[in-house]
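Structural overview for review
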Amino acid sequence: MTDIRGQLVFLGTGTSHGIPVLGCKCAVCTSQNPKNWRTRCSVVVGLPEGNLLIDTPPELRLQLLREGIGQIHAVAYTHSHADHLFGLDDLRIFPAYLGGDLPVYCEPEVEQRIRVGFDYAFDLEVQQYPAGGVPKLQFFPLRPGEEVEVLGSRLLPIRLEHGRYKVLGFRIGTIAYCTDTSGIPPESWSLLEGVDILILDCLRPQPHPTHLHLQAAIQLAQQLQPRQTFFTHICHDLEHEATNASLPPGIQLAYDGLRIPLE
């Protein structure tokens, strides 16, 4: 299995439909360029004491197999929408490897959604079964602006706006992961100062009520001034090569399988 310590790996970079979109015959959905094939959004970060997974999209098992990642040591959630949560059952093998519950870092609202949506995992009798049959999780609450220590590193949750929803971005050192956002509230700007690598929502060319569109994402990146920006949560209106050719220096679309070094 691949050792990803010191790397951030993009497991998925697509919008909630995934790319190709079912039934769509557009140029991106029928493209033979694998950088246009986008599974639902997630990244995994190789930290000093293990692999931190951010979100559990529906394709999680296939994403981890594709990247040769056989172990997850902790999970953090940005929010509880289906495209970021409903691969959670694929976590059930990892407590068997760890010899204990898998640590999960999230806001209380996300924990509640997990306990309702995956209620079978919290049945007291089932919890006595050997690890591997159901996800065995230990929850740790996150609060925006309050750092927590995770796997030998510091994880900083950052409040983001996602239309009418409140979600989290994350900062680890000088890398910030800000998917699923339509804007950064005033209290969060200072938490993004000095970011070297920014990973940012960029759905499509046209405005959208809950996501940044292309020009808004470019403008936000230029305000924060990281050395490099990677756009994610991308729909089929943005072809990889043509879009990258049009972007300002230091900004590009991410793609599934892209790996970037941590500081």
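Being a predicted model, the structure only gives us computed values, none of them experimental.

Thresholds, definitions, all that
Residues numbered from 1 in each chain as written. Predicted model: local features only at pLDDT ≥ 70, side-chain atom pairs only at ≥ 80, totals over all residues. Heavy atoms only, no water. Helix = DSSP H or I, 4+ residues; strand = E, 2+ residues; numbered from the N terminus. Buried < 20%, exposed > 50% of the residue type's maximum accessible area, 1.4 Å probe, protein only. Contact = heavy atoms within 4.5 Å. Phe/Tyr/Trp six-rings, centres within 6.5 Å; stacked < 30°, edge-to-face > 60°. Pairing = 2+ DSSP bridges. Axes fitted to C-alpha atoms, helices over the stretch in contact; angles between N-to-C directions. Salt bridge = Lys/Arg side-chain N within 4 Å of Asp/Glu carboxyl O. Core = buried A, V, L, I, M, F, W, Y, C linked by side-chain atoms within 4.5 Å. Right-handed = clockwise from strand over helix to strand, strands pointing away.

1. Details of the environment of Leu47
Note that Leu47 resides in strand E2 (residues 42–47). By relative accessible area, Leu47 is classed as buried at 4%. Linking Leu47 and Pro205, residues 158 residues apart in sequence, is a C-alpha distance of 34 Å. Contacts of Leu47, omitting those with residues within four sequence positions, involve Arg5, Leu52, Val150, Leu151, Ser153, Ile172 and Leu262.

2. Some words on the packing of aromatic side chains
Under the defined criterion, the tally for this structure stands at six aromatic pairs. Here the aromatic rings of Tyr105 and Phe140 are separated by 5.1 Å at their centres, their planes lie at 20°, and the arrangement is stacked. Residue Tyr105 is located in strand E5 (residues 102–106), and its partner Phe140 is located in strand E6 (residues 137–141); the two are separated by 35 residues in the primary sequence. In this structure Tyr105 comes out as buried when scored by relative accessible area, which is 10%. A connected cluster of aromatic rings, assembled from ring pairs, spans Phe86, Phe118 and Tyr120.

3. Concerning the sheet that holds E5
Spatially, seven strands are ordered E6-E5-E4-E3-E2-E1-E14 in an open sheet, and the strand pairing comes out mixed. For this open sheet the edge positions go to E6 and strand E14 (259–261), each flanked by a neighbour on one side alone. With direction set aside, neighbouring strand axes in the sheet form an average angle of 25°. In terms of strand pairing, strand E4 (residues 74–76) meets E5 through two bridges, oriented parallel. Looking at the pairing, Ala76 lines up with Tyr105 of E5.

4. Here's the deal with the pattern of salt bridges
Across all of its chains, the model carries 11 salt bridges by this definition. Residues Arg259 and Glu67 are paired through a salt bridge, measuring 3.1 Å at the closest nitrogen-oxygen approach. Here Arg259 is found in strand E14, whereas its partner Glu67 is found in helix H1 (residues 60–67), with 192 residues between them in sequence. The partly exposed category is assigned to Arg259, whose relative accessible area is 27%. For Arg154, the salt bridge is made with Glu147, and the minimal N-O distance between the two is 3.4 Å. Classification of Glu147 by relative accessible area gives partly exposed; the value is 43%.

5. Description of the pairing of E6
Along any regular strand the residues' side chains alternate between the sheet's two faces. Of the strand pairs in this sheet, E5 and E6 are connected by five bridges, and their pairing is parallel. When the sheet's bridge partners are listed, Pro103 is paired in E6 with Gln138.

6. Concerning the nonpolar core
Core analysis: the largest hydrophobic core is formed by 27 residues, its most contacted members being Phe10 and Leu52. Broken down by secondary-structure element, the contributors of at least two residues to this core are strand E1 (7–12), E2, strand E3 (50–54), E4, strand E7 (148–150), strand E9 (165–172), strand E10 (175–178) and strand E11 (197–201). Ignoring anything within four residues of it in the chain, the contact list for Leu52 reads Val43, Val44, Val45, Leu47, Ala74, Val75, Ala76, Val150, Leu151, Leu155 and Ile172. Core analysis: the next-biggest nonpolar cluster, separate from the first, contains 25 residues, Cys178, Ile184, Leu198 and Leu238 among them.

7. Regarding the pairing of E11
Counting buried residues along E11, five of its five residues qualify, which places the element largely inside the surrounding structure. In this structure, E10 lies alongside E11, joined through four bridges in parallel fashion. What sits directly across from Tyr177, in E11, is Ile199. Here five bridges tie E11 to strand E12 (residues 228–232), and the two strands are oriented parallel to one another. When the sheet's bridge partners are listed, Leu200 is paired in E12 with Phe231. Of the crossover connections in this fold, the one passing from E11 over helix H5 (residues 214–224) to the parallel E12 is right-handed.

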